[in-house]
Amino acid sequence: MTIPGLNAGWGCGGEILVRTLSCLGIRHIFSISGSQVLPVYDSIPRVKGGPRLVVPRSETHAAFMAEGFGQAAGFPAAVMSTLGPGVANECVGLYSASLSRSPLLSIAPYQPPYKYNRIEEVFQGLDHPAFLGPVCKKTFLVNDRRELPSTIREALDAALEKPQGPVHVDISFPLLFKRSFFRAGRRPSRVGDGREARQGPIVVTETGKGPTHHEMKTGDVLSPGVRGFGIPFSLGVVLALQDRPVFVLTGAGSLMRHLDSLAVGVTHGIPLKILSLDGTDSAEDIADFYRIPYERAEEIPGAGMDDKGLHIVLSSDADPG
Amino acid sequence: MNIFSTKGAAVAGIPSLSLHSPQAAVYAATGCSMATGAPSLCVTFGIDEALQAASAALTPWGDKVPVAFVTVAEQKYHRMIRGCYSAVTRGIFDARDIDSEGGKAATVLRYSRPIQIIVPGMAELEGLLPRLPAQWSSGRDPEGTLDTEQAADMEKALGLMKTSGRPVILLGLGGTEDIPAVLSLAEKICSPVLLTSGATTMPAHLLKLIEARPVPLIIPAGSLVWTRAFSSADVILALGSGFSEVDWFGLQGLKIHRARVIRVAVGSPGPPLRKLWDISIDTPVRRFLAQASGRIEGLGPGQERAEWVARLRRACDKWKNILREDSEKYRSLPHIEPGLAAHEIVARSPENTIFVSEGGACGMWLWTQLWLKPLVFPVQMGTIGVTIPMTIGAHAGSPGARVWGILGDGAFYYNARELATLSGLSLPVGIFVFNDSSWGAIRLGQTFVYKGRYIGTDIPNTDYARIARWYGCEGITARNPGELLQAVERVKASSRPTVVDVKIPRDSIPYAGASFVLAEFDGVQRHVLPNLVASGVKNAFLGRTPLHIVRLIVRMMR
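The structure contained in this document is the topic of the report that follows. The structure presented is a predicted model; accordingly, all values stated were derived computationally and were not measured. (Residues numbered from 1 in each chain as written. Chains lettered and ligands numbered in written order. Predicted model: local features only at pLDDT ≥ 70, side-chain atom pairs only at ≥ 80, totals over all residues. Heavy atoms only, no water.)

### Regarding the overall build of chain A
Next up, step 1: Helix and strand counts for chain A come out as 12 helices and 15 strands.
Next up, step 2: The burial tally for chain A puts 64% of its 321 residues in the buried class.
Next up, step 3: Intrachain contacts of chain A at a sequence separation of at least 6 include 76% that bridge at least 24 residues.
Next up, step 4: Carbon and sulfur atoms make up 49% of the accessible area of chain A, which totals about 11500 Å². (Helix = DSSP H or I, 4+ residues; strand = E, 2+ residues; numbered from the N terminus. Buried < 20%, exposed > 50% of the residue type's maximum accessible area, 1.4 Å probe, protein only. Contact = heavy atoms within 4.5 Å. Areas by Shrake-Rupley, 256 points an atom, 1.4 Å probe, with all protein chains shown as cover.)

### Remarks on the overall build of chain B
Next up, step 1: The helix and strand inventory of chain B stands at 23 helices and 20 strands.
Next up, step 2: Rg of the C-alpha trace for chain B: 24 Å, near the compact-globule value of 24 Å for 558 residues, within the 12% margin.
Next up, step 3: Dimensions along the principal axes, computed over C-alpha positions, put chain B at roughly 65 × 65 × 45 Å.
Next up, step 4: Counting over 558 residues, chain B shows a buried share of 62%.
Next up, step 5: Contacts in chain B between residues far apart in sequence, at least 24 positions, make up 77% of those at least 6 positions apart.
Next up, step 6: Just so you have it, chain B exposes about 19600 Å², and 54% of that area is on carbon and sulfur atoms. (Rg over C-alpha atoms; globule rule 2.2 N^0.38 Å.)

### Looking at the interface of chain B and chain A
Next up, step 1: The interface is formed by 64 residues belonging to chain B together with 62 residues belonging to chain A.
Next up, step 2: When chain B packs against chain A, close to 5400 Å² is buried across both sides, 61% of that on carbon and sulfur atoms.
Next up, step 3: The residue Asp285(A) makes a salt bridge to Arg466(B) at a minimum N-O spacing of 2.8 Å.
Next up, step 4: Between the two partners, chain B and chain A, sit 12 residue pairs in polar contact (both at pLDDT 80 or more).
Next up, step 5: Where the side of chain B that touches chain A is concerned, the elements lending two or more residues are α1 (22-36), α2 (46-62), α3 (78-85), α18 (440-448), α19 (464-470), α21 (513-520) and α22 (525-541) of chain B.
Next up, step 6: No other element matches the eight residues that α2(B) contributes to the side of chain B that touches chain A.
Next up, step 7: For the side of chain B that touches chain A, the class distribution of residues is 34 nonpolar, 20 polar and 10 charged. (Buried area = accessible area lost by both parts, 1.4 Å probe. Salt bridge = Lys/Arg side-chain N within 4 Å of Asp/Glu carboxyl O. Polar contact = N/O pair within 3.5 Å; in protein donor to acceptor, adjacent residues only side chain to side chain. Nonpolar A, V, L, I, M, F, W, Y, C, P; charged D, E, K, R; others polar.)

### Structural notes on the environment of Thr205(A)
Next up, step 1: Locating Thr205(A) in the fold gives a position in the loop between β10 (202-204) and β11 (220-222).
Next up, step 2: Sequence spacing of Thr205(A) and Arg257(A) is 52 residues, and the spatial spacing of their C-alpha atoms is 15 Å.

### Thoughts on the nonpolar core
Next up, step 1: Tyr290(A) and Phe434(B) are the most contacted members of the largest nonpolar core, which has 267 residues in total.
Next up, step 2: Beyond its immediate stretch of four places on either side in the chain, Tyr290(A) contacts Leu259(A), Leu262(A), Ala263(A), Val266(A), Tyr413(B), Ile467(B) and Trp470(B).
Next up, step 3: Listed in part, the 21 residues of the second largest apolar core include Ile3(B), Val11(B), Ala95(B) and Val119(B). (Core = buried A, V, L, I, M, F, W, Y, C linked by side-chain atoms within 4.5 Å.)

### Some words on unusual backbone geometry
Next up, step 1: Here the bond from Lys162(A) into Pro163(A) is cis, since omega is -5°, no more than 30 degrees from zero.
Next up, step 2: Examined against the element boundaries, Pro163(A) turns out to sit in the loop between α7 (148-160) and β8 (166-172).
Next up, step 3: A positive phi angle, near 55°, is found at Cys190(B), a position not held by glycine.
Next up, step 4: Mapped onto the elements, Cys190(B) comes out in the loop between α8 (179-189) and β10 (193-195).

### Looking at the packing of aromatic side chains
Next up, step 1: Scanning the model with the defined rule gives 14 aromatic pairs over all chains in all.
Next up, step 2: Between Trp365(B) and Tyr511(B), the aromatic rings sit 5.8 Å apart at their centres with planes inclined by 75°, giving edge-to-face as the arrangement. A residue pair is termed long-range when its members are at least 10 positions apart, and Trp365(B) in helix α15 (residues 361-369) and Tyr511(B) in the loop between β20 (498-503) and α21 qualify at 146 residues.
Next up, step 3: By relative accessible area, which is 4% here, Trp365(B) ends up buried.
Next up, step 4: Taken together, a centroid distance of 4.6 Å and an interplanar angle of 50° make the contact between Phe412(B) and Tyr464(B) tilted. A residue pair is termed long-range when its members are at least 10 positions apart, and Phe412(B) in the loop between β17 (402-408) and α17 (418-425) and Tyr464(B) in helix α19 qualify at 52 residues.
Next up, step 5: The exposure class assigned to Phe412(B) is buried, which follows from its relative accessible area of 0%.
Next up, step 6: Classification of Tyr464(B) as buried rests on a relative accessible area of 0%.
Next up, step 7: Three or more aromatic residues joined by ring pairs make a cluster, and in this case those are Phe289(A), Tyr290(A) and Trp470(B). (Phe/Tyr/Trp six-rings, centres within 6.5 Å; stacked < 30°, edge-to-face > 60°.)

### Considering the side chain of Asp42(A)
Next up, step 1: Tracing the backbone through its elements, the reader meets Asp42(A) in helix α2 (residues 38-43).
Next up, step 2: Within the structure, the side chain of Asp42(A) is placed 2.9 Å from the side chain of Arg46(A), a separation counted as a polar contact.
Next up, step 3: A polar contact is formed between the side chain of Asp42(A) and the side chain of Arg453(B), at a distance of 2.6 Å.
Next up, step 4: When residues no more than four places from it in sequence are discounted, the contact partners of Asp42(A) are Tyr450(B), Arg453(B) and Ile455(B).

Right under this line is the structure:
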């Protein structure tokens, strides 16, 4: 079996997958663990220069982070969940990516029907293509490890083809565990990370509808397709555009809704500026709890610009104007 | 009929319970129906809510819970909704057809479980909701008697039971429709009754029927006694068991049973599973029992059967004693062992407590300690993040009961917002967070198969009690056995929602950990066998062999 661009070796399907993603330019995998994806997790440290594993606190937020990454970079990140409930939790995030036309590569293991031919007999069984098909551009299925690299490549192309959007790949999970030889082949033209040269800060809104009255002069305004998930979305944006400051505008209750995203941002050192228009005192308590720098500001532009880490700015400006 | 949504205290003028997310509303409806056995309704508005609810709908679908989803959405989204929900419901109906299709919808809801009703607008919703309870009651029991072939198979089955020296009745959730008849049969033929995982989570009012007549012996899933009875039996009468992986803990491939198996249930599983039984009667359990009851006179408890039951009864007592002795040993430790935590929570809980838990190491610890107590648990899907909304639903369905939930810290943030719902409703619910700063169940795989290479399964240590207080609940931290016992008593005495952050050590291996790993790696055992062996050797050198499990097995075998 040939994997272009790789040295020859002996590895499990999980390692082949990670090496393939690395070759194709995928730099981040947003994933919550499950037993069936452990071969992938175990392979990640073995692939030098390979994708970085970012672990959020729910699969839904993993999908929104990937949407943010894809929208900002113009190139997808990978979302990997365990089968059944893990994949199901991605649903609304994939729908959001389809609305906002953000490229996204969702990958999951699935139980092949070698023992059962009814999905309800399988522990955590879910017909992934039937469930995600309506919210994805395309779904793919890999039953043979020889097809794994080419199918991932095909899925990536489908995600990037205009209009861009999410795609889902199911991989027979015994394949992820099975070990085999692979050898080098001709290196493909690198798909690249598709990053455009942009300047200035990025603003993320939660409305799900694009720019608001907080439009910044020199920057871009991004938004998830579904409202209310601006914070996890913007974590993905930060990872995609690491040289530009990213501000997310949040409204009432957003901080309490997305405590897990704050935890993830702190754990992974993601420098995001959260501009909270809420004005409630709990923001200060939350910032103290997660040890996030916090300030109250009269004006939003310039607030937190010098800070390198996660930053909460509580605006006292009730009418942004 | 209990209604759950995100839209306030009433939906279309009918009182409902409001949660913060559509996912939580689905889990609450699921918890309510699992606790009561009665249908619940979950109403969502718009495509965004519908898709969020769909992701949670997998859980009631897997466990065949009677939850009806009602989605109000514009016509342009109906196709997408039908597409997604086709994978997680057993019937999709249009609100406009509910009068003509109401009976069918009710029958599906009653026997095959979750359904979806799509509504184009609020006016239609207001017309639909008041009519639904009447529709649910129109669900029909399947009619008829056994046909000729089934009757012949029944005679064969009874013949096997008659000559059996070590019979077992394996009761699945599908067989709980007539518990008195099952118990009567068990009594007449002197057979222990093993509950499958699904039946172990039967509603409290059905468990009360078992408590009222606990003869000859009922063994819930989750103990070595169950495995011993299952593997030693010579005839297994499986009533209403789906023979899914969950019912067999992923052990089908290992063929641990030597018995002749008689399967009685509705619907025929796929061909690969059919090799698991010798006789299959495709009929409702109630119908089989009604026709068999007159034929089982004379089967009578033989001497061998009486000794078989007595041996198993002694094994059950031994099992409970071992767990209790282990817990007493753990009390003297400076930290909290999760086995102690689960034991004390169960032992000190009020009489009418309904327990709620979820997939994960916490669920494994709890499961081992429970013995015929009401449990709400996502068995087929092993979902995490469901405990908090399910406790809300369980309480809504059983307002006189106490509801205590146990979840892991890996699942806490999924629906933590619903602590605000608990607080707002001022429900006397106890939530115990087993905080080992990790996704413990997945780390089991990394311990047993990946030689302790822990990647992507660490969680920063977090003060969940403080987070609970943000949401208006009481929050308590327990760091040692003394604090744990005090916390349990405070939860018992409190009339408000209380969250206990139970600090436990990382990588404690639950008693059920080995079977969990077996189930998770079902189908790839030969690929991971070298790693299993290497991990075992490494763990032995590092002193990480789960000796408490080895000791338990050895003592049970004596």
